[in-house]
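In case you want the letters, here they are:
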Amino acid sequence: MATHGARGRSGGRPTLEEVAARAGVGRGTVSRVINGSPRVSDATRAAVEAAVAELGYVPNTAARALAANRTDAIALVVPEPETRFFAEPYFSDMLRGVGAELADTEMQLLLIFAGSDRERQRLAQYLAAHRVDGVLLVSVHADDPLPDLLAQLEIPAVISGPRSAAETLPSVDSDNYGGGRSAVEHLLAHGRTRIAHITGRLDVYGAQRRVDGYRDALRDAGYPADERLIEPGDFTEEGGRRAMAELLTRDPSLDAVFAGSDVMAAGARQALREAGLRIPEDVALVGYDDSAIARHMEPPLTSVRQPIEEMGRRMLDLLLTEIADRRPAVSRGLERRQIVLATELVARTSS
């Protein structure tokens, strides 16, 4: 019976060597299977897993981590103020996805904020001590030094969206260009022609790509983008309100707004109502993220859905692969390392 296999030959706890002998493989192969390395055949992995189950082997996590110079911990680093993290559903959805994928591993997750210079300096010292096996970077700006620091320290890292088209670090993102384009095409299909855009921070590549999609959709429909109808925001509700007020001052005849996030759309709605304008009768409104904010807004907000939880899961999966397989990036190619997930427009009554 299986219960008799819970002890090794010595009568004590089963060892890695005994698992290797039972599976007919070497000790190193057993270690690779337990650590999740992809460099093991399916047949070998099955044999090792069967031996682990038969013997009742339980890995000594602390000893394994020490021997492999590992911490069995990863960090989710957010280079933003804590207030933004807790105010925006994007971050909680991302964290939920990472946590769900991490639940089946033995690794711990550390949440680290690095929104100020002091926090960044403290983080740099922490990372230099190699206290984590890998890092997930969320909300990365173009001039952020953290990705380059991680590369210098040779710490595996995955970022939530490339810093530019020439990104070299592994990344997981949604199709920001396609999402921005679909928002504008939806508004055009409903007869809107004076379509404004409240952007996110333009030092974020994803925000730039949404602007590109906005411009191209208008151009292809025969309406070259009017730069007066593009106003930078900062992904906050107050930023959305200010941008909307500025756009109305600049062009009171606008008949639609595409906001680069649902949070900014909520601020835009406030400014529209303060101006006495009805949604969607006077001005149609579209957001981005399809968060709980979109579903609970009055009227319910049309929004571009990006699979944020899935992005979190894929980021964690990619990071674990990077940790287990440290071959040079050039030998792996970029196809696996640059992942872009599809977006979907969810139409509601605001447009």
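Everything numeric in this text was worked out from a predicted model, so none of it was measured.

1. Thoughts on the pattern of salt bridges
Applying the stated rule across the entire model yields 31 salt bridges. With a closest N to O distance of 3.2 Å, Asp216 and Arg219 form a salt bridge. One end of the pair is Asp216 and the other is Arg219, both in helix α10 (residues 205–220) and three residues apart, which spans about a single turn. Asp216 gets classed as buried once you look at its relative accessible area, which sits at 18%. The network of salt bridges with shared partners includes Asp93, Arg96, Glu309, Glu310, Arg313 and Arg314.

2. Thoughts on the packing of aromatic side chains
Scanning the model with the defined rule gives six aromatic pairs in all. Taken together, a centroid distance of 5.1 Å and an interplanar angle of 85° make the contact between Phe85 and Phe86 edge-to-face. For Phe86, a relative accessible area of 60% translates into the label exposed. A ring pair is formed by Tyr90 and Phe91, whose centres lie 5.4 Å apart and whose planes are at 90°; its orientation type is edge-to-face.

3. With respect to the domain arrangement of the protein
Per the domain assignment, the segments of the protein are domain 1 (16–59), domain 2 (73–172 + 310–339) and domain 3 (176–305). Centre-to-centre, using C-alpha coordinates, domain 1 lies 29 Å away from domain 2.

4. Concerning the sheet that holds strand β12 (residues 344–346)
If you walk across this open sheet you meet the six strands as β7-β6-β8-β9-β10-β12, and the pairing is mixed. At either end of the open sheet lies a strand with only one pairing partner, and these are β7 (230–232) and β12. For this sheet, the mean angle separating the axes of adjacent strands, direction not counted, is 20°. Sheet analysis places strand β8 (residues 256–259) next to strand β9 (residues 284–289), joined by three bridges and oriented parallel. In the strand pairing of β9, Ala256 is matched with Ala284. Across the sheet, α10 lies against β6 (195–199), β7, β8 and β9, angled at about 170° from β6, the strand it touches most.

5. So, empty space enclosed by the protein
The full count for this structure, using the stated rule, is one cavity of 30 Å³ or more. What the largest cavity holds in volume is close to 280 Å³. Lining the largest cavity are 21 residues, with Tyr90, Ser160, Val204, Arg210 and Phe235 sitting closest to its centre. At the level of secondary structure, the elements contributing two or more residues to the lining of the largest cavity comprise α6 (89–102) and α10. Split into classes, the residues belonging to the lining of the largest cavity amount to eight nonpolar, eight polar and five charged.

6. Things to note about the side chain of Arg192
Relative to the assigned elements, Arg192 resides in the loop between α9 (176–189) and β6. Buried and without a salt bridge, Arg192 has Asp255 as its closest oppositely charged side chain, separated by 5.3 Å. Not counting chain neighbours up to four residues away, the residues in contact with Arg192 comprise Leu187, Asp255, Ala256, Pro280, Glu281, Asp282, Val283 and Ala284.

7. Structural notes on helix α11 (residues 237–250)
Here α11 contains 14 residues, and its C-alpha end-to-end distance of 20 Å stays within 8% of the 20 Å for a straight helix at 1.5 Å per residue. Listing the buried residues of α11 in full gives Gly239, Gly240, Ala243, Met244, Leu247 and Leu248. All buried residues of α11 fall inside an arc of 165° around its axis, so they share one side. Contacts made by the buried residues of α11 are with β6, β7, β8 and α12 (262–274).

Criteria and cut-off values
- Residues numbered from 1 in each chain as written.
- Predicted model: local features only at pLDDT ≥ 70, side-chain atom pairs only at ≥ 80, totals over all residues.
- Heavy atoms only, no water.
- Salt bridge = Lys/Arg side-chain N within 4 Å of Asp/Glu carboxyl O.
- Helix = DSSP H or I, 4+ residues; strand = E, 2+ residues; numbered from the N terminus.
- Buried < 20%, exposed > 50% of the residue type's maximum accessible area, 1.4 Å probe, protein only.
- Phe/Tyr/Trp six-rings, centres within 6.5 Å; stacked < 30°, edge-to-face > 60°.
- Domains from an automatic or database assignment.
- Pairing = 2+ DSSP bridges.
- Axes fitted to C-alpha atoms, helices over the stretch in contact; angles between N-to-C directions.
- Contact = heavy atoms within 4.5 Å.
- 1 Å grid on protein atoms, 1.4 Å probe; cavity = no way out; pocket = protein on both sides within 12 Å on 5 of 7 lines; lining within 4 Å.
- Points joined across faces, edges and corners; volume = space filled by probe spheres on them.
- Nonpolar A, V, L, I, M, F, W, Y, C, P; charged D, E, K, R; others polar.
- Lys, Arg positive; Asp, Glu negative; His and termini not counted.
- Expected span 1.5 Å × (residues − 1).
- Arc of directions from axis to C-beta.

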